Amino acid sequence: MDSKVKPVAGTQTTCPYCGVGCGVTATPSEVTGDERHPANQGRLCVKGSALHETLVPSGRLLKPRIAGEDRSWPEALAAVSSAIRDAVAQYGPGSVAFYLSGQLLTEDYFVANKLAKGFIGTPHVDTNSRLCMSAAVAAHKRAFGEDCVPGCYEDLELADLLVLAGSNAAWAHPVLYQRMQASQRAGRRVVVIDPRRTATAELADLHLKLKPGTDTVLFNGLLVWLTQHEATDQSYIAEHCSGFAETLFCAQEVAPSVTSVAAQCDLDEDDVERFYRWYADTPRTVTAFSQGINQAVTGTDKCNAIINCHLATGRVGQPGASPFSLTGQPNAMGGREVGGLANTLAAHMEYDTAGARERLAGFWGTDRLPEAPGLKAVDLFEAVRRGDIKVLWIMGTNPAVSLPDSARVCEALAGCPTVIVSDCMANTDTTAFADILLPAAGWGEKDGTVTNSERCISRQRSFLPLPTEVWPDWRILTSVACELGYAKAFQYQGPADIFREHAALSALACRASNGRQVFDIGALGQLTEARYNQLEPIQWPVTLDEAGVVTGMPRLFSDGRFATDDGRARLVPIPAGLPRQIVTSRYPLVVNTGRIRDQWHTMTRTALVSRLLTHRQEPFVEIHPDDAHRLGVCEGALCQLTGPGPEPFIGRARITSDQRPGEVFIPIHWSGRFASQSVATNLIAAVTDPISGQPESKHGVASLRRLACRWQARLMRRSASDELPGLTGLCDYWCRQPLAHSDSWWLAGSQTMDWESEASIWLAGEPQLVMADSAQGRFRAARVVDGRLEAVLLVDSDVGLLPDLAWLDECFAADRLSPDQRQCLLAGRSVDTEEIGALVCSCFQVGDRQIINAIRGGQKTVEALGKILKCGTNCGSCVPELRELLQDELLETG
Ligand SMILES: Nc1nc2c(c(=O)[nH]1)N[C@H]1C(S)=C(S)[C@@H](COP(=O)(O)OP(=O)(O)OC[C@H]3O[C@@H](n4cnc5c(=O)[nH]c(N)nc54)[C@H](O)[C@@H]3O)O[C@H]1N2
Ligand SMILES: Nc1nc2c(c(=O)[nH]1)N[C@H]1C(S)=C(S)[C@@H](COP(=O)(O)OP(=O)(O)OC[C@H]3O[C@@H](n4cnc5c(=O)[nH]c(N)nc54)[C@H](O)[C@@H]3O)O[C@H]1N2
Ligand code: SF4
Ligand SMILES: [Mo]
């Protein structure tokens, strides 16, 4: 054996979070970056490196449930299939709908799509990718003729000009961001286009803090400028594109000059000009874009406005030169391959692709394929609300939280006759509406493939035993198909069987298009079980040579031939098109929504790891100092945002000039399980891009007021529970934060409380230690049983007066409190506890106060800080924040 090859302890698999698709080596107790995986080459971010800590039984759904009662699988399968059969018989196949997820594996997704469209015969199969990638999908089809990302990750490194539009990659695609950062060199420039200053902007030579929604103007202006300065590639346009003249004409109307662009986008003319000049001067330019572009009523247009400029300069599919859509979910791309979106069939075949329906029907051996596309997510839930959908099967997504106008979605779910939910967790805002709950296998238990942002197909492999009654999604779907009488078409023994069929179908689709279709993994259609298990990461399309070697393709359209009928790419005329939701005197603030570094979506998994909840502990509202001042809001105050919808959003103020005046930013992560009223989608109206159906999730409107509270409190209890029965009604705000050794609750209220007489209710028993200072509005109580701390309640008039909770949480770890701990309990800290401040490094739990002290003590670089505090030395996700702290401090001290 080659002594240099390190033996691998653990299973090679992929991270189940973002679309970077990092390879990991996993055991039940450790997850490390896989050095051989092309996406990350050993790197991991903070969420990835905490993966093994999510492998805990708490909160899992372990048995099927019907109407809230545990049932056997045969009973559950019978219930699901009879609901479907009855609905089809009485109301037709269109009364059954599936709502899927970019977090399913390709094999799960394939079977769901085949069962729904192919055999039940309903067109209503959509996915949460509608909220995420559908604008990019539609733009790719318009420009290239097919939904293809032309570039690869290496291009982000090779680019001499990297434009990041509507992407906070530092937090949302951290490992790619690390690769971008490692590629910084003399002569390379980075431009960030985002209405707020993010951690990503730390990398920027130029940050265009544009007015939200004006990206179409900015990129139209770029096309005009490039033309005026003879920086377009006329021979490329002549040979490989169509639509240039109309597109330019339209662009001139929308964005005739730099002055006009600067005025419309609320930018400095010099900055706009600088961006345009850099773009013109740099052949190796990549524009990477994400939700700040996609999630808009003009989402598809924004994407095409970007692609137009790349086409006009011939910068598509060249090394270091391409437009690049950053996909969000781990398998958003795989879902698009199998046809998870309502307007597609399967294997990149469209409803209007000539002969595609017949071909697919023949391949699957069915005559039930629907004739026309189904409803897209937002419309689908409207149909549920109207009562048109009788059976809704939701898989791997939490629409009660993530779809716009959450209250309306909840109403729809409540009124739907049969809601089936497959999830690995028992209690989510969506499972609360389930008539039938099906326990799905989670990461580590399931097996299959995913496709990342650069079209790279990787294996996800199981390394944990399946809990007895938990099934992978493909098996649940296959069993229901058999129960419905379609066993012949669903003879799958495992994911490899499904993958081969998927691959074969792609080859068929490609052949039928005379090779025009790019998506083709037919070369993988003959993989044996063993070779499927050993499959190495590979980028589609995949070819097979005579020697039987399969090769992937890093870049597409490099020869200027596209997947359209005439082989030419299309430039698309783009009107200015501004956001639909506009501010009024009643709702004067723009509400921007997005992600935070350490949480994943609705927190069903990342909130299981207490250290991931320390970077941002509570829902918040980022607000500009001018607005805060005007509205009488100080740092840390609880604020209520009220929009046109019925429910408000409550969060703590974070005052920052990173925000533009008149705009606030709120996180999307807190659901009804974690906070009283902090679901961001309550402020987002259900308006969508007419082309893609993608909702305008980045642009709500609201008014803001300070929440008047008489008291603020933290309650910590040993026993974890999802609820504080009967108590939350006494609060105007609550937020749950599971800690390592206790369950902790942030509370606030305006009712006068008699803490002394009521403490025992909050503490679930009589307190032994009590301290009250009613003049100060201060109250402290602790319950200790046999020397062991059971619960603590700390009440104050202001949250700033409450101690950090790390020390108290440690007290819960002890079986017996030490005399020192007992003595300091009500102070919430021991005399020598160091206040760490707001957490910056989640891996080593290092806070900003410690970091600032170290900088003041002479540590002047990220590396120096890492040496003494360890911060930033594990996953590196906090490095942008460390740099920012350094910059701020060094500026202040000159
Ligand atoms: N930590 C973490 N990472 C994740 C996820 C997660 O939940 N947590 N989710 C994954 C998923 S599914 C996705 S889709 C990706 C999303 O990844 P990103 O799109 O990078 O993340 P977001 O925070 O949604 O939004 C990006 C930025 O768009 C900006 N923006 C808002 N309006 C506009 C506008 O009009 N124009 C421009 N140019 N920018 C605007 C916002 O200010 C925000 O900074 O993240 C993936 N990665
Ligand atoms: N306002 C606003 N709204 C947004 C966004 C925004 O930026 N702003 N972003 C949108 C985007 S881009 C996205 S992608 C969505 C994300 O929103 P969702 O998809 O709703 O969020 P998740 O929390 O990821 O939900 C995944 C669910 O699947 C479960 N699950 C995990 N693994 C499996 C599995 O293997 N099988 C099954 N059956 N279940 C599993 C999890 O426990 C969880 O309940 O939110 C969208 N909504
Ligand atoms: S960047 Fe982080 S969350 Fe995304 S795949 Fe890699 S390790 Fe997972
Ligand atoms: Mo997403």
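The rules behind each value
Residues numbered from 1 in each chain as written. Chains lettered and ligands numbered in written order. Predicted model: local features only at pLDDT ≥ 70, side-chain atom pairs only at ≥ 80, totals over all residues. Heavy atoms only, no water. Pairing = 2+ DSSP bridges. Helix = DSSP H or I, 4+ residues; strand = E, 2+ residues; numbered from the N terminus. Axes fitted to C-alpha atoms, helices over the stretch in contact; angles between N-to-C directions. Contact = heavy atoms within 4.5 Å. Domains from an automatic or database assignment. Phe/Tyr/Trp six-rings, centres within 6.5 Å; stacked < 30°, edge-to-face > 60°. Buried < 20%, exposed > 50% of the residue type's maximum accessible area, 1.4 Å probe, protein only. Lys NZ or Arg CZ within 6 Å of the ring centre and 35° of its normal. Salt bridge = Lys/Arg side-chain N within 4 Å of Asp/Glu carboxyl O. Left-handed = near helix turned anticlockwise from the far one by under 90°. Nonpolar A, V, L, I, M, F, W, Y, C, P; charged D, E, K, R; others polar. Near = heavy atom within 4 Å. Polar contact = N/O pair within 3.5 Å; in protein donor to acceptor, adjacent residues only side chain to side chain. Areas by Shrake-Rupley, 256 points an atom, 1.4 Å probe, with all protein chains shown as cover.

**Topic: the sheet that holds strand β36 (residues 788-796)**
Here 6 strands make up an open sheet; going across it, the order is β32-β33-β31-β36-β35-β34 and the pairing antiparallel. Looking along the sheet, the strands with just one partner apiece sit at the ends: β32 (733-738) and β34 (769-773). Strand-to-strand twist across the sheet, computed as the mean angle between neighbouring axes with direction ignored, equals 10°. Bridge count between β34 and strand β35 (residues 778-785): 5 bridges; the pairing is antiparallel. Residue V770 lies in a different strand from β35, and its bridge partner there is A781. In this fold helix α24 (residues 755-763) packs onto β31 (711-717), β33 (743-749), β34, β35 and β36, with an angle of close to 45° to the strand it touches most, β35.

**What to know about the domain arrangement of the protein**
Structurally, the protein comprises domain 1 (11-54), domain 2 (65-131 + 331-487), domain 3 (134-325), domain 4 (589-706), domain 5 (711-827) and domain 6 (839-893). On a C-alpha basis, the centres of domain 2 and domain 5 stand 43 Å from each other.

**Remarks on the packing of aromatic side chains**
Scanning the entire structure with this criterion turns up 24 aromatic pairs. Centroid distance F119 to F490: 5.3 Å. Interplanar angle 70°. Geometry classified as edge-to-face. On the criterion of sequence distance, the pair formed by F119 in helix α3 (residues 106-120) and F490 in the loop between α20 (473-483) and α21 (495-512) is long-range, its members being 371 residues apart. Considered together, F119 and F490 belong to a single accessibility category, that of buried residues. Ring centres of W755 and W762 lie 5.7 Å apart, and the angle between their planes is 50°; this geometry places the pair in the tilted category. The exposure classification of W755 matches that of W762, with both residues buried. Geometry around F490 places K114 over its ring, the cationic atom sitting 4.9 Å from the centre. Of note, R455 hangs over the ring of W540, and the distance from its end group to the ring centre comes to 5.8 Å.

**Some points on the pattern of salt bridges**
Taken as a whole and judged by the stated rule, the model has 42 salt bridges. In this structure, the salt-bridge partner of D108 is K446, at a minimum N-O distance of 3.0 Å. Linking D108 in helix α3 with K446 in the loop between β18 (436-439) and β19 (448-451), this pair joins segments that are 338 residues apart in sequence. For K446, a relative accessible area of 7% corresponds to the buried category. When the shortest N-O distance is used, the salt bridge between R555 and D155 registers 2.7 Å. Placement of the pair is R555 in the loop between β23 (550-551) and β24 (569-570) and D155 in helix α5 (residues 153-158), with a sequence separation of 400 residues. Per residue, the accessibility class of R555 equals that of D155, and both read buried. One salt-bridge network, in which partners are shared between bridges, spans D108, K446 and D473.

**Notes on the environment of G522**
Considering the arrangement of structural elements, one finds G522 in the loop between α21 and α22 (529-533). Among all residues touching G522, those that are not within four sequence positions of it are A503, S506 and A507.

**Points about the packing of helix α16 (residues 356-364) against α21**
Contact pair α16 / α21: the axes reach a minimum separation of 11 Å and the direction vectors enclose 145°. In this structure, α16 meets α21 at a crossing whose hand is right-handed. Counting all contacts with α16, which are made through R359, L360, F363 and W364, the residues of α21 involved are E501, A504, L505, L508 and A512. Residue composition of the contact of α16 with α21, by class: 7 nonpolar, no polar and 2 charged.

**Observations concerning the site of ligand 3**
Close contacts around ligand 3 come from C15, Y17, C18, G21, C22, L44, C45, K47, G48, P174 and V175, and that covers them all. Secondary structure elements with two or more residues in the shell around ligand 3: α1 (46-49) and α7 (174-182). A class-by-class count of the residues in the shell around ligand 3 yields 8 nonpolar, 2 polar and 1 charged.

**Points about the site of ligand 1**
Of all residues adjacent to ligand 1, which total 34 residues, the nearest are A172, D194, G213, R595 and Q599. Interatomic distance of 2.7 Å between a side-chain N/O atom of D194 and an oxygen atom of ligand 1. Here an oxygen atom of ligand 1 sits 3.0 Å away from a polar atom, N or O, in the side chain of R196. For ligand 1, whose free accessible area comes to 920 Å², the fraction covered by protein is 99%. Sorting the residues of the shell around ligand 1 by element identifies α6 (169-172), α13 (291-294) and β25 (589-594) as the ones contributing at least two each.

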